[in-house]
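Residue-level listing of the chains:
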Number of protein chains: 2
Amino acid sequence: MSVRAGIIVTGTEVLTGRISDLNGPWLSDQLLKLGVDVAHITICGDRPADLTAQLRFLTEQGVDLIVTSGGLGPTADDLTVPTVAEYCDRELLLDPELEEHIAGVIRRFRPDTPDLDTGPTRIGIRKQAHVPAGATALPPTGTAPGVVIPAVAGDRPVPTIVILPGPPGELQAMWPSAVASPAVADVLARADDLQQHTVRAYGLHEAQLAETLRRAESEIAGLERLEITTCLRHGELDMVTRVASGDADIYHRLLDVLTEHHGRQIFSTDGSTIDDQLIAALDGRTIATAESCTGGLVAARLTDRPGSSAYVMGGVVSYSNDAKSDLTDVPAEMIAEHGAVSEQVAAAMAEGARRRLKVDVAVSTTGVAGPDGGTEAKPVGTVCFGVAIEGRPTYTVTRRFPGDRERVRTLTTTAALHLVVAQLGRD
Amino acid sequence: MSVRAGIIVTGTEVLTGRISDLNGPWLSDQLLKLGVDVAHITICGDRPADLTAQLRFLTEQGVDLIVTSGGLGPTADDLTVPTVAEYCDRELLLDPELEEHIAGVIRRFRPDTPDLDTGPTRIGIRKQAHVPAGATALPPTGTAPGVVIPAVAGDRPVPTIVILPGPPGELQAMWPSAVASPAVADVLARADDLQQHTVRAYGLHEAQLAETLRRAESEIAGLERLEITTCLRHGELDMVTRVASGDADIYHRLLDVLTEHHGRQIFSTDGSTIDDQLIAALDGRTIATAESCTGGLVAARLTDRPGSSAYVMGGVVSYSNDAKSDLTDVPAEMIAEHGAVSEQVAAAMAEGARRRLKVDVAVSTTGVAGPDGGTEAKPVGTVCFGVAIEGRPTYTVTRRFPGDRERVRTLTTTAALHLVVAQLGRD
């Protein structure tokens, strides 16, 4: 690709692993969508020498654009702007208008702030209102403004540098104005015109897809021009392809080959997730859950989405055997005879939830999440599912998932969504 | 600190933001606990030139240890070992014993694998069994072995390099053998003897803690020798302090100052989480949940822990008003009069769940997670809680949380746990 970028994430709390970074992946995805090749993401703590070393490294790597996140706060250990300014040999200048703007934001959102006009708060505001000479300030989306510093060519070249705040909400809200700034627009104008497509499969192994892609190489001329990455997540296999506008035909031929070999496993070619498809498949019907081993994760995932109260009526977490009987009318004798982890109990749970919550569709999970509770017949990872749909016999199935407790619970949650969509699709 | 390290995370799927990296933060935390200062984490895709550039960068930064994750698979695009070997000027040598070991692992776990002795699978195994000359292979914890390459001093110095697999489970399982390898043990022997302590507070602002720490600097001699980082997460404020063995007294004096100023907010000084404390506070009692806006997140968090079936009986997700009445006997008139988001309904939900699930303790949440549904009296972020404990009047409280839907749901979940612990502590 013609335009390369590097991302620098600053913050001791990220470097030391106490919070996981959301900004690097988010920025990387945004840049890729703009046709920019992200070569490196680097993370450093709040030490100017380490940040300077990373700026120098990325400059030496010949990137056209550096985006930083973090270190824009009002306190003394927030050092990104002065450190970058020094690296670029640019003086820091106070922008009085910006100072008043920041003070106004704080006045509006935290009217009880003391020392707004004098003392430590004002010193902090003034610090944040300093902008490197020749740079563009980006309006704050929290209290901290961002900065865009244009590239310098010549003996000591410096790429275009965009400085963004650390809180992900502020960073994401500021991104459009960064992209629109003249210096960044200049860089992006040289970027490739690329489209990104996602194919999602469920129940497909990475090795099987790799084998199909290998074979496709000999069948489809120019396939090597597509940039394909695959990624396994929660039991789903995503294949993301970046395609130049002239190569759309090649991608369509690839899609044909994939559909031919793995049509049963591929559930999405338009980027939609199984969560999206569940809503479409419900098509106005209501849904409820009856969970044992997932302990609420299926309901939490269904209600994750704004507006889900229109179709999610609720659910029960029947963790104990008593709860299974009390909340979903599973007969105690059935549990005694077949065990709590059985398709009979899964069916009764789903049917009970459907009746109790007066919904059209109910899905149930009951399994052995581990680490204890496994038997030879039902080892850790064994999960029974039930899908009860109004006016139909209840569907049940048993699956075995690998991994530890967390992984079994996550894989079970995803499987529950896929089962509901599959059953609703059999109309 | 005397020993510095860098971490390199490889993988296009991580660089492009399609999966978020777990290995960098985990390794960073492990190294810090061993007294090693992590200066840089760098992320690159599956391109040898970028990996080499990062190796060179970290070497130039003078780190004593580099740890890499990822790129150890059997396929051609898994390039970490050959790339690092070339960087270190070391030949790759086939280790026939290792080859048989890997083949044995695959035979045991995937007995139906074709071409185990010939063809592509065997070629992949042989690739994984190549080790740089003079390096130590670490036994596979999945199918890929790790590698430790000892440092080289002299004109072209190279730090000690540890190569680990990408899947977090495999990487974490391999870490102890990496730490025990002679070359790594040599590096760690020079590391500082540091202890790490965590103080956790709830309802404390970062700015308040910063102010207290600033004041403590003038009161406690030598405080600057402690390395303190603070981190706000899900409404809890963690303060992590790294203390050299000779400075234990200084830390204890700091702890006294913190307790004096923020004793009400500090809930843990021994590293325990609110989840740990909830179990201790239950002390054999059973618990259930009744959730509206959290939609199952509280139950999911309670059942996240192995063995939780001993005290979590279950819960209900009463998302719709009907479900609130059907599952927890909340009178429809009460909802009509006070609204679903009210302390009256929260109390009735908790009491209903306690009765229906026959437990000692029940906690309820009902609120406006947003983005829609807010009113002037009950804006987005308003959440009512109920805690019903056997033999006591039910406790209720209303809170307002900032942020978007996800943040409101997360903050509500953490708040629910804190409320239960606080109420149980009032015995």
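On a predicted model such as this, the values are computed, not experimentally measured, just so you know.

Q: Where do I start with the sheet that holds strand β15 (residues 361-367) of chain B in this structure?
A: The strands making up a sheet associate through backbone hydrogen bonding, with each pair oriented either parallel or antiparallel. Here 10 strands make up an open sheet; going across it, the order is β17(A)-β16(A)-β15(A)-β13(A)-β14(A)-β14(B)-β13(B)-β15(B)-β16(B)-β17(B) and the pairing mixed. Looking along the sheet, the strands with just one partner apiece sit at the ends: β17 (395-400) of chain A together with β17 (395-400) of chain B. Neighbour-to-neighbour, the strand axes of this sheet turn through a mean angle of 15°, independent of strand direction. Sheet topology places strand β14 (residues 312-318) of chain A next to strand β14 (residues 312-318) of chain B; 5 bridges connect them, and they run antiparallel. By the bridge assignment for β14 of chain B, V317 of chain A is matched with G315 of chain B. Taken strand by strand, helix α13 (residues 321-328) of chain B contacts β14 of chain A together with β13 (287-291), β14 and β15 of chain B, and its axis lies near 145° from that of β14 of chain B. Seen against the sheet, helix α16 (residues 405-424) of chain B touches β13, β15, β16 (382-389) and β17 of chain B and runs at an angle of roughly 30° to β16 of chain B.

Q: Just to check I follow, could you spell out the relation of the copies chain A and chain B for this structure?
A: In this structure, two copies of a chain are linked by a rotation about an axis accompanied by a shift along it. Mapping chain A onto chain B calls for a screw motion: a turn of 180° about the axis and a shift of 0.1 Å along it, with 0.2 Å RMSD after fitting. The superposition of one copy onto the other is thereby described by a two-fold rotation axis.

Q: Before we go on, may I ask you to explain the sheet that holds strand β3 (residues 65-69) of chain B in this structure?
A: Spatial strand order, β6(A)-β7(A)-β8(A)-β3(A)-β1(A)-β2(A)-β2(B)-β1(B)-β3(B)-β8(B)-β7(B)-β6(B): 12 strands in an open sheet with mixed pairing. Two strands bound the open sheet, and with one partner strand each, they are β6 (136-138) of chain A together with β6 (136-138) of chain B. On average, each strand axis in the sheet is inclined to that of its neighbour by 15°, with strand direction left out of account. In this sheet, strand β8 (residues 160-164) of chain B lies alongside β3 of chain B in parallel orientation, the contact comprising 5 bridges.

Q: Can you walk me through the domain arrangement of chain A in this structure?
A: By a frequent convention, interface size equals the accessible area lost on bringing the separate parts together. Residues and elements named next belong to chain A. Domain annotation for chain A reports domain 1 (4-189), domain 2 (194-271) and domain 3 (275-424). Each of domain 2 and domain 3 has a C-alpha centre, and these two points are 32 Å apart. Contacts between the two partners involve 6 residues from domain 2, matched on the other side by 7 residues from domain 3. Between domain 2 and domain 3 lies a buried interface of about 650 Å² when both sides are counted; carbon and sulfur atoms form 53% of it. Ranking the residues of domain 2 by area buried against domain 3 places Y202, H234 and F267 at the top, with a combined share of 75%. Across the contact surface, domain 2 and domain 3 share 0 salt bridges. Linking domain 2 with domain 3 are 2 residue pairs in polar contact (both at pLDDT 80 or more), by the criterion used here. Classifying every residue of the side of domain 2 that touches domain 3 by side-chain character gives 2 nonpolar, 3 polar and 1 charged.

So, how was this worked out
Here the residue numbering is sequential within each chain, running from 1 through the sequence in written order. Throughout, the order in which chains and ligands are written sets their labels, letters from A for the former and numbers from 1 for the latter. This being a predicted model, a pLDDT of at least 70 is required before a residue's local features are given, and a value of 80 or more before pairs of side-chain atoms are given or counted; all residues contribute to the totals for chains, interfaces and linings. Side-chain numbers come from the whole structure's heavy atoms, not from hydrogens or water. A pair of strands counts as paired when DSSP detects no fewer than two bridges linking them. Each helix is a run of DSSP H or I of at least 4 residues and each strand a run of E of at least 2, with the numbering of both proceeding from the N terminus. Convention adopted: a line fitted to C-alpha atoms gives each axis, helices being fitted over their contacting stretch, and angles between N-to-C directions are expressed from 0 to 180 degrees. Throughout, a residue-residue contact means that at least one pair of heavy atoms, one from each residue, lies within 4.5 Å. Least squares is the method used to superpose the copies, on C-alpha atoms of residues holding a pLDDT of at least 70 in both. Where a domain begins and ends is set by an automatic assignment or by a domain database. By buried area we mean the combined loss of accessible area, with a 1.4 Å probe, across both parts when two parts are placed together. Salt bridge, as used here, is a side-chain nitrogen of Lys or Arg placed within 4 Å of a carboxyl oxygen of Asp or Glu. The term polar contact refers here to a pair of N or O atoms within 3.5 Å; inside protein, the definition further demands a hydrogen-donor-capable atom paired with an acceptor-capable atom, and it admits residues adjacent in sequence only when both atoms are side-chain atoms. We call Asp, Glu, Lys and Arg charged. Ala, Val, Leu, Ile, Met, Phe, Trp, Tyr, Cys and Pro are nonpolar, and the rest, Gly among them, are polar.

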